[in-house]
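Topology and contacts: notes
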Amino acid sequence: MNSVVSQAYFTEGNTIGQGFDTGLPGVTDVQVKDAIFDVLNGKFDWTTGVNRLYSVLSQDFIYKDASRNVVFLDNHDMSRFFSIVGEDVKKFKSGLAMLLSTRGIPQLYYGTEIMMKNFSNPDGLVRSDFPGGWAEDKVNKFSSEGRTAAENDVFNYIKTIAKYRKQTTALQTGKLMQFVPQDGVYVYFRYDNAKTVMVVVNSNDKVMSLETSRFSERTQGFKKAKDIVSGKVYDLSVAMEIPSISTLVMELQ
């Protein structure tokens, strides 16, 4: 499926008018997956990079309920995400933060939490056993002691955002409002009556300064934004310095 329309064709109650209804509440969202890859591996212009992700999500009106789609970055039939981003940890983390904060139901393939890698050539290379759990295993990645420092860093990064998502209905069932990307920086909000979460994606390989006044429709009434991973608190009244190749998930306060 190479377009949002062809993908939505297979979901229930869509607006395409295809003459039959599959009854499927959602699909595995290949279009969002491909767009996130483009954010991380492409270049920013009118149709690629963060603009592509913005464009894909702007077509959510075609679905009866886009929040029922499963969003993912890899699976047993495709190359592992860590390899797709060239084993670049910054890109890896940025993509995972998008996955866990955008609309839909996030799916993580086993081993992503310890940066398991390989290309699907053949598929067996991406289906290796998770290290640990058996007496003959030399290492046990199920415990922090068995993981390397880099693996624990990624493990805890995913754990922090996933736990926050579990505790925050705005990321589970809240609305999504996105703003047109500028200079390779893409901003969207997830919000409900309980909380407002601001997500900033910087696809550039340099620090970017972000003026927040453009987002007043969603930031009005808030003064601060707290990064849920680092704990850093940003002042919304001044420009925010966004680290290179990063996705910040911030709760507005």
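The model shown is predicted, which means the values in this text are computed figures rather than measured ones.

In this model, Asn121 is joined to Pro122 through a cis peptide bond whose omega is 5 degrees. For Pro122, the location among the structural elements is in the loop between strand E2 (105-107) and helix H6 (149-167). Despite not being glycine, Asn118 shows a phi value in the positive range, around 140 degrees. Locating Asn118 in the fold gives a position in the loop between E2 and H6. Phi at Ile245 is positive, roughly 40 degrees, even though this residue is not glycine. Residue position: Ile245 is located in the loop between strand E9 (240-242) and strand E10 (246-252). Relative accessible area serves as the criterion here: at 15%, Ile245 is assigned to the buried category.

This part is about the pattern of salt bridges. Within this structure, the stated rule accounts for 11 salt bridges. For Asp77, the salt bridge goes to Arg127, with nearest N and O atoms at 2.7 Å. Of this pair, Asp77 sits in the loop between strand E1 (70-72) and helix H4 (81-84) while Arg127 sits in the loop between E2 and H6; the two residues are 50 residues apart in sequence, bridging distant segments of the chain. The closest approach of N and O atoms between Glu151 and Lys141, which form a salt bridge, is 2.8 Å. Taken together, the residues span a long stretch of sequence, with Glu151 in helix H6 and Lys141 in the loop between E2 and H6 at a distance of 10 residues. The burial state of Glu151 is the same as that of Lys141; both residues are buried. Bridged by salt links that share partners, the residues Asp29, Asp60 and Arg103 form one connected network.

Let us now look at the packing of aromatic side chains. Tallied over the full model, the rule gives 10 aromatic pairs. For the ring pair Phe179 and Phe189, a centre distance of 5.8 Å and an interplane angle of 70 degrees mean the geometry is edge-to-face. Of this pair, Phe179 sits in strand E3 (residues 175-182) while Phe189 sits in strand E4 (residues 185-191), and the two are 10 residues apart along the sequence. Just as Phe179 is buried, Phe189 falls in that class too. A ring pair is formed by Tyr186 and Tyr188, whose centres lie 5.3 Å apart and whose planes are at 40 degrees; its orientation type is tilted. On the accessibility criterion, Tyr188 (1% relative accessible area) is buried.

Its 12 residues give helix H2 (residues 30-41) an end-to-end C-alpha distance of 16 Å, which sits within 8% of 16 Å, the value for a rise of 1.5 Å per residue. Buried residues dominate H2, accounting for nine of its 12 residues. Looking at the buried residues of H2, the elements they touch are helix H1 (4-8), helix H3 (50-57), E1, H4, helix H5 (89-101) and strand E5 (196-202).

Next up on the list: the environment of Thr28. Inspection of the secondary structure puts Thr28 in the loop between H1 and H2. Judged by relative accessible area, which is 42%, Thr28 ranks as partly exposed. A C-alpha to C-alpha distance of 9.6 Å links Thr28 and Gly104, two positions 76 residues apart in sequence. The residues contacting Thr28, other than those within four sequence positions of it, are Gln7, Val70 and Phe72.

Reading the values: the criteria
- Residues numbered from 1 in each chain as written.
- Predicted model: local features only at pLDDT ≥ 70, side-chain atom pairs only at ≥ 80, totals over all residues.
- Heavy atoms only, no water.
- Helix = DSSP H or I, 4+ residues; strand = E, 2+ residues; numbered from the N terminus.
- Buried < 20%, exposed > 50% of the residue type's maximum accessible area, 1.4 Å probe, protein only.
- Salt bridge = Lys/Arg side-chain N within 4 Å of Asp/Glu carboxyl O.
- Phe/Tyr/Trp six-rings, centres within 6.5 Å; stacked < 30°, edge-to-face > 60°.
- Expected span 1.5 Å × (residues − 1).
- Contact = heavy atoms within 4.5 Å.

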